[in-house]
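Each chain, letter by letter, is given below.
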Number of protein chains: 2
Amino acid sequence: MSEQYKYLLDESRVPKAWYNINADMPVPPAPVLHPGTLEPVTPDFLSVLFPMSLIMQEMSPERWIEIPEPVREIYKLWRPTPFFRAHRLERALETPAHIYYKYEGVSPVGSHKPNTAVAQAFYNKDAGTKALTTETGAGQWGSALAMACNFFDLDLEVYMVKVSYGLKPYRRIIMNSFGADVFASPSDRTQYGRSILATDPNNPGSLGIAISEAVEVAATSGGVKKYSLGSVLNHVLLHQTVIGQETIEQFEMAGEYPDVVIACTGGGSNFGGFAFPFLHKNFTDGKKTKVIAAEPFASPTLTKGDYTFDYGDTAQMAPVIKMHTLGHTFIPPSIHAGGLRYHGMSPQVSALVANGDVEARAVHQLATFEGALLFTRAEGIIPAPESAHAVRVAIDEALTCKESGEEKVIAFNLSGHGHFDMASYAEYLQGNLEDFAYPEEEIAAAMKILPDVKM
Amino acid sequence: MSEQYKYLLDESRVPKAWYNINADMPVPPAPVLHPGTLEPVTPDFLSVLFPMSLIMQEMSPERWIEIPEPVREIYKLWRPTPFFRAHRLERALETPAHIYYKYEGVSPVGSHKPNTAVAQAFYNKDAGTKALTTETGAGQWGSALAMACNFFDLDLEVYMVKVSYGLKPYRRIIMNSFGADVFASPSDRTQYGRSILATDPNNPGSLGIAISEAVEVAATSGGVKKYSLGSVLNHVLLHQTVIGQETIEQFEMAGEYPDVVIACTGGGSNFGGFAFPFLHKNFTDGKKTKVIAAEPFASPTLTKGDYTFDYGDTAQMAPVIKMHTLGHTFIPPSIHAGGLRYHGMSPQVSALVANGDVEARAVHQLATFEGALLFTRAEGIIPAPESAHAVRVAIDEALTCKESGEEKVIAFNLSGHGHFDMASYAEYLQGNLEDFAYPEEEIAAAMKILPDVKM
């Protein structure tokens, strides 16, 4: 008898609405605070950076928010994404568990990021924005937004961390191919960038500096340019929920429902996009799916950080958010999953972990790459190092089933492919990678300078 | 009204048989000759390199050859591949033509190559082969065979052109990730390699040398190791015909049938895989689809070469084939579509062009990249430089329709993505690429030393 590997949905099944978990959260996230006054921000404050439609989504209590048709039309270039049963991985592990994965790597830029990039570009175009600014590390987010801005005829300035600009040129070239302007950050284009270069001309840059430059350009443009963020915020996670919604429908095709769902988390957009629709079923439909957020041991925000108020960025220009944090001055070790190196976390994901609705699990770097190669040799696809954290946890869950004999249904989101990360695989294959100890003292030091919020 | 972008087939629609065009060729290809005697080869001669099942396919007159179930099971990891209507490209070109494309870049290694790699690995495993050898240039073929050998638990030695081994490490790392051994060629592992290194220790290697090394290792292994080729031969093109068969079914879903089909051609496997099922309809079903083979102007085998007998390799170790050739000593300029730099051509494709069943068209390098970026900005996907030749011809056909007002249906095969070719795009964007003049004198010189075949 032939086994079913893939579950494909016709493009008519691209979801018609995003799922807003704020409507169902047992304990809603705390309000976002102004970084100067430490008082709750107003829409007016945010409107310097974002169009009002996105600010309204950020604060909306509505459970379902309709996806505009022009956004759905672009989603259809790659969505619905495929959903697979990993028969060959199951056999390699000799597990009785059923392992499924959703694959977001089929998007043109190879990750889940375009789900929100396209939406943000649409709403900005609709509001009369002429250009967007953003930051990017290795370029995953920047290339997604470059594609989206190209589709909606918006200009885009990307501030790319200087060390990545030099060492990882391929995603930069993708951004150029879509017509975006990419600048090594710190740059001489902003006051903040020039102030850094004045004291340190060879500064290699950081995500924190790049955010500050992108924010400054938008904030001083007189409303012509807006700023776009690829994770953390509620409206970003909202746009990603097409992933989990499609997966639930594909599980119906497979005639199963998951006991465990897993996604990696850095700022939270991939995790939220995959897991929130399953949490919706847990909250409202009596389901009891275990939901696991996988993070790197070297940047253990959810597993080791405090759940408290902190700045979103190093320069204390971004809003203050109640979230799991390692301290806004903490700089995680240079692991190969660059997309998971963030000191903070989505306020929604943080609140769900604090309330016990989501389990957080930290994974070491070597175990992550070992799991990734096990997956590659069974299923063919090479995972992005970020996604490999979810692969590893799924394998661990399946091996637990092997011991217990349980025939659990396990699903994870393969958020992207590793085509632009092969140098990291080479380092692993050559034995050059190492695990990082939990940076306890550095985190303790960073936690001493949190904002003094009295709420 | 919503437009249909994608046409998806369920995995049960993976074809059950390959289409063998030898059964329908108006003028069959001439027999393959022994490079020493210049007499037709026997199966025994070929059996040093290939298992008998593949040799029988090479010579089979049967129209349909059943696909073994274990091969179909692996095809299902990514097949059937999607088929798209390029609405956004049509609008960008303001053409009345309907443009469709099949996308083979969704395979785990990003090209059409696994369609035959998996089949060849299966038949070798079935025949008791322990290990395969092959050559690779930039690594497209090597990574496909590495994946296939991993799936069927065969060892693999890949001889990779030394200059690519150093300059293009990412596909090499993919091969390593699947467990293959990759050696820079010329290597000290073969007599031929050592003889080259003895006189020229810094020889940068060539595909011709790498073929000779891979063939030598297999031929001197006492039957333990066999050799595998990724293009040119009949059985290779045969395995690729799943592409065109699926496309015909997807055209039925779209309610159209193509007036023009286009694929790029280097050795012919991508072209044959896409176009042969349409030629079958032309030959047997009264269809009149125009079939175009797109090749680079810098290596104009079909458009400028002679249709005559020549050696398959530079060292005159491979069989002599009647084909379009630029001469086996001709070395094409270093264009960025490395997969199209071959002096010869599939004997089947050559015979079809000679008989007027297929039109050949040469494309310049700059026009190719210009077309590729036009496609990327409309459809999101970045084409491999090889595939971009077909993109360019499709755009030209659509622009001709714009002038004439004809609403033709145009289809091309996007044989792979360009994720590992971003350096080439950077060169284009920076204005560093150039068109090559037709290398008339070099080809004329090479054509003077063809084998002296009296048939």
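Residues numbered from 1 in each chain as written. Chains lettered and ligands numbered in written order. Predicted model: local features only at pLDDT ≥ 70, side-chain atom pairs only at ≥ 80, totals over all residues. Heavy atoms only, no water.

Enquirer: So what about the overall build of chain A? Which residues, and what values?
Expert: Assigned secondary structure in chain A consists of 19 helices and 15 strands. Since a compact globule built from 455 residues should have a radius of gyration of about 23 Å, the 21 Å found for chain A is in line with a globular shape. Taken over 455 residues, chain A has a buried fraction of 63%. Sequence-distant contacts, at least 24 apart, represent 76% of the contacts inside chain A between residues at least 6 apart. Just so you have it, chain A exposes about 15,600 Å², and 51% of that area is on carbon and sulfur atoms. (Helix = DSSP H or I, 4+ residues; strand = E, 2+ residues; numbered from the N terminus. Rg over C-alpha atoms; globule rule 2.2 N^0.38 Å. Buried < 20%, exposed > 50% of the residue type's maximum accessible area, 1.4 Å probe, protein only. Contact = heavy atoms within 4.5 Å. Areas by Shrake-Rupley, 256 points an atom, 1.4 Å probe, with all protein chains shown as cover.)

Enquirer: Which residues make up the sheet that holds strand 9 (residues 225–227) of chain B, and what values go with them?
Expert: Residues and elements named next belong to chain B. Taken together, the four strands give an open sheet; going across it, the order is 8-7-6-9, and neighbouring strands pair in parallel fashion. One side of each edge strand has no neighbouring strand; the edge strands of this open sheet are strand 8 (181–185) and strand 9. Averaged over all pairs of adjacent strands, the angle between their axes in this sheet comes to 25°, without regard to strand direction. The pairing of strand 6 (residues 131–136) with strand 9 spans three bridges and is classified as parallel. Paired with T133 across the two strands is Y227, which belongs to strand 9. (Pairing = 2+ DSSP bridges. Axes fitted to C-alpha atoms, helices over the stretch in contact; angles between N-to-C directions.)

Enquirer: A description of the confidence of the model for chain A should follow, citing residues and the corresponding values.
Expert: Averaged over every residue, the pLDDT of chain A is 94; residues scoring 70 or more account for 99%. Taken over the whole predicted complex, pTM reads 0.95, whereas the ipTM for its chain interfaces reads 0.94. (pLDDT = per-residue confidence, 0-100.)

Enquirer: Give a detailed account of the packing of helix 16 (residues 365–379) of chain B against helix 17 (residues 385–404) of chain B, specifying residues and quantitative values.
Expert: Residues and elements named next belong to chain B. The interhelical angle for the contact between helix 16 and helix 17, taken along N-to-C directions, is 80°, at an axis separation of 8 Å. By the angle class used here, helix 16 and helix 17 are roughly perpendicular. Here helix 16 contributes A367, T368, F369, E370, G371, A372, L374 and F375 to the contact with helix 17, which in turn contributes P385, A388, H389, V391, R392 and I395. Within the contact of helix 16 with helix 17, the residues separate by chemical class into nine nonpolar, three polar and two charged. (Parallel < 35°, antiparallel > 145°, perpendicular 65-115°, else oblique. Nonpolar A, V, L, I, M, F, W, Y, C, P; charged D, E, K, R; others polar.)

Enquirer: Quick rundown of the pairing of strand 13 (residues 320–325) of chain B? Include the residues and the values.
Expert: All names here are of chain B. Within strand 13, five of the six residues are buried, leaving the element largely enclosed by the surrounding structure. Bridge analysis of strand 12 (residues 306–311) against strand 13 gives six bridges, and the strand direction is antiparallel. What sits directly across from Y311, in strand 13, is V320.

Enquirer: Go over empty space enclosed by the protein, please, and point to the residues and values.
Expert: The probe, sized like a water molecule, is rolled over the atoms to show the empty space still left. Considering all chains together, one arrives at four cavities of 30 Å³ or more under this definition. Taken as a whole, the largest cavity spans an internal volume of roughly 540 Å³. Lining the largest cavity are 32 residues, and of these Y103 and V106 of chain A together with P82, Y103 and V106 of chain B sit closest to its centre. Residue composition of the lining of the largest cavity, grouped by class: 22 nonpolar, eight polar and two charged. (1 Å grid on protein atoms, 1.4 Å probe; cavity = no way out; pocket = protein on both sides within 12 Å on 5 of 7 lines; lining within 4 Å. Points joined across faces, edges and corners; volume = space filled by probe spheres on them.)

Enquirer: An account of the relation of the copies chain B and chain A is needed here, citing residue identities and associated values.
Expert: Least-squares fitting of chain B to chain A yields an RMSD of 0.0 Å, with the transformation described by 0.0 Å of translation along the axis and a rotation of 180°. In the structure described here, the two chain copies are related by an operation that fits a two-fold rotation axis. Taken together, the interface assignments show that 100% of the residues at the interface of chain B recur at the interface of chain A, consistent with an identical surface on both copies. (Least-squares fit on C-alpha atoms with pLDDT ≥ 70 in both.)

Enquirer: Residues and numbers for the interface of chain B and chain A, please.
Expert: Chain B puts 45 residues into the contact, and the matching count from chain A is 45 residues. Across the chain B/chain A interface, buried area totals approximately 4,000 Å², and carbon plus sulfur atoms make up 57% of it. Inspection of the chain B/chain A interface yields two salt bridges. In this assembly, chain B and chain A are joined by 17 residue pairs in polar contact (both at pLDDT 80 or more). At the level of elements, helix 3 (69–75), helix 6 (140–151), helix 8 (169–177), helix 16 and helix 18 (422–429) of chain B are the ones that each hand at least two residues to the side of chain B that touches chain A. Looking at the side of chain B that touches chain A, its residues break down into 25 nonpolar, ten polar and ten charged. (Buried area = accessible area lost by both parts, 1.4 Å probe. Salt bridge = Lys/Arg side-chain N within 4 Å of Asp/Glu carboxyl O. Polar contact = N/O pair within 3.5 Å; in protein donor to acceptor, adjacent residues only side chain to side chain.)

Enquirer: How would you sum up the packing of helix 9 (residues 191–199) of chain A against helix 10 (residues 207–219) of chain A? Please name residues and give values.
Expert: All names here are of chain A. Between helix 9 and helix 10, the shortest axis-to-axis distance is 8 Å and the interhelical angle comes to 140°. The pairing of helix 9 with helix 10 is recorded here as oblique in orientation. Across from Q191, Y192, G193 and I196 in helix 9, the residues of helix 10 making contact are I209, S212, E213 and E216. Residues that form the contact of helix 9 with helix 10 fall into these classes: three nonpolar, three polar and two charged.

Enquirer: Now, about the pattern of salt bridges: what can you tell me, with residues and values included?
Expert: Applying the stated criterion across every chain, the model contains 40 salt bridges over all chains. With a closest N to O distance of 2.5 Å, D24 of chain A and R63 of chain A form a salt bridge. Of this pair, D24 of chain A sits in the loop between strand 2 (17–19) and helix 1 (43–46) while R63 of chain A sits in the loop between helix 2 (52–59) and strand 3 (64–66), and the two are 39 residues apart along the sequence. According to the relative accessible area criterion, D24 of chain A is buried, its value standing at 10%. Note on R63 of chain A: relative accessible area 32%, which makes it partly exposed. Note that E3 of chain B and R91 of chain B form a salt bridge whose closest N and O atoms lie 3.1 Å from each other. Here R91 of chain B lies in helix 4 (residues 87–93) and E3 of chain B lies in the segment before strand 1 (6–7), a separation of 88 residues in the sequence. Residue E3 of chain B is classed as partly exposed on the basis of its relative accessible area, which comes to 26%. Shared partners join several salt bridges into a network, and the residues in it are R79, K102, E104 and E246 of chain A.

Enquirer: For the side chain of N234 of chain B, give the residues involved together with the corresponding values.
Expert: Assignment of secondary structure puts N234 of chain B in helix 11 (residues 234–240). Look at N234 of chain B and you get buried, because its relative accessible area is 10%.

Enquirer: Which residues make up the packing of aromatic side chains, and what are the values?
Expert: Residue and element names in this part refer to chain B. Tallied over the full model, the rule gives 45 aromatic pairs over all chains. With a centroid separation of 5.2 Å and an interplanar angle of 70°, the aromatic rings of F122 and Y123 are classed as edge-to-face. Both residues of the pair, F122 and Y123, belong to the buried class. Their ring planes at 70° and their centres at 6.4 Å tell us that F297 and Y438 sit as a pair that is edge-to-face. Residue F297 is found in the loop between strand 11 (290–296) and helix 14 (301–304), and its partner Y438 is found in the loop between helix 18 and helix 19 (440–446); the two are separated by 141 residues along the sequence. Positioned above the aromatic ring of Y257, the side-chain terminus of K287 is 4.4 Å from the ring centre. (Phe/Tyr/Trp six-rings, centres within 6.5 Å; stacked < 30°, edge-to-face > 60°. Lys NZ or Arg CZ within 6 Å of the ring centre and 35° of its normal.)

Enquirer: A description of the sheet that holds strand 14 (residues 359–363) of chain A should follow, citing residues and the corresponding values.
Expert: By definition, the strands of a sheet pair up through backbone hydrogen bonds, in either a parallel or an antiparallel sense. Read across the open sheet, the seven strands follow the order 1-4-5-15-10-11-14 (chain A); overall the sheet is mixed. Looking at strand neighbours, the two that pair on one side only are strand 1 (6–7) and strand 14 of chain A, the edges of this open sheet.

Enquirer: Go over helix 2 of chain A, please, and point to the residues and values.
Expert: Residue and element names in this part refer to chain A. Buried within helix 2 are the following residues: L54, I55, Q57 and E58. The buried side chains of helix 2 occupy one side of the element, clustering within an arc of 160° when seen end-on. Among the structural elements, strand 2, helix 1, strand 3, helix 5 (114–126) and helix 11 (234–240) are those in contact with the buried residues of helix 2. (Arc of directions from axis to C-beta.)

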